[in-house]
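Understanding the architecture of this molecule
As a plain string of letters, each chain reads:
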Amino acid sequence: MIEALKPKATEAFVRIFGSQPEQFYQAPGRVNLIGEHTDYNDGFVLPCAINHGTVIAASKRTDDKIVLIACDYDDARSEFDLNQPLEKKEGDEFWSNYIRGTTQALMNKGHKLTGANLVITGDVPQGTGLSSSASLEVATGTALCHLSGITLPGSELALAGQSAENDFVGSNTGIMDQMISACGKDDHAMMLDCRSLETTPVSMPEKAAVVIVNSNVRRGLVDSEYNTRRQNCEDAARILGVKALRDANIDLLNSHRESMDEVSYKRAHHIITENQRTTEAAKALAAGDLTRMGELMAQSHISMAQDFEITVPAIDILVDIIASTKTDGGVRMTGGGFGGCVVALVPETDIPAIKEAVARQYPEKTGLQGDVYICQASCGAGVIASKA
Ligand code: GLA
């Protein structure tokens, strides 16, 4: 439970600021069940929020400063003044950019924010594709708005978080991670239309488990490869004469095959088929059809490997190990790619066998260890009860 992080944040808050925090806020990380790289193509995604996230212990200040303490970086401190232009930090204070960027985005929208002391901790494994940064951004927006007496819809908090990534940190990411962190519901995945930002909760099948395995593959070149994929998709949309690949279908793609380079064709093929799979997966999940979900997840993985070319050998091996162990449901890489995590949606009764298979076969075949997390589909960001 994310709330289990409260005592750590409280202890640091009292030690550093000499008083109890006034409020606690949380925002979860996420795992994407299907719909990869479709978000910045105006398409569909089906993530769920997970029971790992960021907790902020907070109090208002009487001045216009924001003072940040990062418990997970040895109580590192960073501060800024809401009346001064916010600058991007490099080096030791880089983590504060997610907070600075979210704050800047909220102020750019005209929101008048109060000064605050924020003590931050989290348990989303960082750099593994489970959106620790989105959870930090959304927790920040939730905290600053609540302390300032501002009520915003989840989509506005999400857009502020995305702006922190795009306009402040410089990662050209889509809207999925922040939307699910802001708008997730307990025991539900969320079908998101990334063009309209319409959300539809989809209940998770009873007795199904969300099993996440961190491959521990070091993710190199993620940002540059991500941006290249994004560019490939924009190029393909231009060739096909559509606003975004969401507006293309297979017939249109095939009618342009001769005039398209191989890379543009393959990238567009992934996005077009992934959007179809995601729409179908939302229906299969709602119907509790783990078998169909599994087929779609398997197809998604192959498409990410062959068309979008974002998997790596160790991830493919991990997916194979779990695929040949589960009795129903599915498994695929999740997140931006080039390492990170795989997600399996399987009968709960498969958990022991999957843990055993990952512990034995994955090191044998790759020399790496996998970390297994059994996750619950969790609620999105919010205020948590103020007693530690
Ligand atoms: C990262 C980005 C998201 C999305 C995924 C791929 O998580 O932050 O916006 O593009 O990759 O589906």
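Residues numbered from 1 in each chain as written. Predicted model: local features only at pLDDT ≥ 70, side-chain atom pairs only at ≥ 80, totals over all residues. Heavy atoms only, no water.

1. Thoughts on the packing of helix H3 (residues 132-147) against helix H5 (residues 176-183)
Packing of H3 against H5 leaves a shortest axis separation of 9 Å and a crossing angle of 50 degrees. One finds that H3 runs oblique with respect to H5. The element H3 and its partner H5 pack so that their crossing is right-handed. Where H3 abuts H5, its residues Ala134, Ser135, Glu137 and Val138 lie against Asp177, Gln178, Ser181 and Ala182. (Axes fitted to C-alpha atoms, helices over the stretch in contact; angles between N-to-C directions. Helix = DSSP H or I, 4+ residues; strand = E, 2+ residues; numbered from the N terminus. Parallel < 35°, antiparallel > 145°, perpendicular 65-115°, else oblique. Left-handed = near helix turned anticlockwise from the far one by under 90°. Contact = heavy atoms within 4.5 Å.)

2. A short note on the domain arrangement of the protein chain
On domain assignment, one finds that the protein chain holds domain 1 (3-204 + 378-384) and domain 2 (208-375). Put simply, the middle of domain 1 and the middle of domain 2, counted by C-alpha atoms, are 26 Å apart. Across the contact, 36 residues belong to domain 1 and 45 residues belong to domain 2. Both faces combined, the contact of domain 1 with domain 2 buries some 3200 Å², and carbon together with sulfur accounts for 61% of it. Together, Ile34, Glu36 and His37 form the three largest contributors to the area buried by domain 1 at its contact with domain 2, with a combined 20%. Remark: the boundary between domain 1 and domain 2 carries 4 salt bridges. Asp247 is paired through a salt bridge with Arg195; the nearest N and O atoms lie 2.8 Å apart. Across the contact surface, domain 1 and domain 2 share 18 residue pairs in polar contact (both at pLDDT 80 or more). Mapped onto the side of domain 1 that touches domain 2, the elements with two or more residues apiece are strand E1 (23-34), strand E2 (44-60), strand E6 (188-193) and strand E7 (199-203). For the side of domain 1 that touches domain 2, the leading source of residues is E2, giving 6 residues. (Domains from an automatic or database assignment. Buried area = accessible area lost by both parts, 1.4 Å probe. Salt bridge = Lys/Arg side-chain N within 4 Å of Asp/Glu carboxyl O. Polar contact = N/O pair within 3.5 Å; in protein donor to acceptor, adjacent residues only side chain to side chain.)

3. Quick word on the site of the ligand
In the vicinity of the ligand, the contacting residues are Arg30, Glu36, His37, Asp39, Tyr40, Thr173, Gly174, Met176, Asp177, Tyr226 and Gly336. His37 places a main-chain nitrogen or oxygen 2.7 Å from an oxygen atom of the ligand. Interatomic distance of 2.9 Å between a backbone N/O atom of Gly174 and an oxygen atom of the ligand. When the ligand is considered free in solution it has 310 Å² of accessible area, and contact with the protein chains removes 92% of it. In this structure the site holding the ligand corresponds to the largest pocket. Split into classes, the residues belonging to the shell around the ligand amount to 3 nonpolar, 4 polar and 4 charged. (Near = heavy atom within 4 Å. Areas by Shrake-Rupley, 256 points an atom, 1.4 Å probe, with all protein chains shown as cover. 1 Å grid on protein atoms, 1.4 Å probe; cavity = no way out; pocket = protein on both sides within 12 Å on 5 of 7 lines; lining within 4 Å. Sits in = over half its atoms within 2 Å of the grid points. Nonpolar A, V, L, I, M, F, W, Y, C, P; charged D, E, K, R; others polar.)

4. Let's talk about the side chain of Lys89
Along the polypeptide, Lys89 turns up in the loop between strand E4 (76-81) and helix H2 (97-108). Within polar-contact distance, the side chain of Lys89 engages the side chain of Glu87 at 3.3 Å. If we ignore the near neighbours within four places in the chain, the residues touching Lys89 are Phe94, Ser96, Asn97 and Arg100.

5. Focus on the layout of surface pockets
As a volume, the largest pocket reaches approximately 1100 Å³. Taken together, 49 residues line the largest pocket, and the ones lying closest to its centre are Tyr98, Gly127, Ser132, Ser133 and Glu165. Contributions of two or more residues to the lining of the largest pocket are made by E2, H2, strand E5 (116-122), H3, helix H4 (154-169), H5 and helix H6 (222-240). Ranked by residues supplied to the lining of the largest pocket, first place goes to H3 with 5 residues. Class assignment for the residues of the lining of the largest pocket results in 17 nonpolar, 22 polar and 10 charged. Of the residues that make up the lining of the largest pocket, three or more belong to each of domain 1 (3-204 + 378-384) and domain 2 (208-375). In this structure, the second largest pocket spans a volume of roughly 230 Å³. Lining the second largest pocket we find 14 residues, and of these Asp187, Pro205, Ala208, Glu348 and Gln376 sit closest to its centre. At the level of elements, strand E8 (208-214) and strand E11 (371-375) are the ones that each hand at least two residues to the lining of the second largest pocket. (Points joined across faces, edges and corners; volume = space filled by probe spheres on them.)

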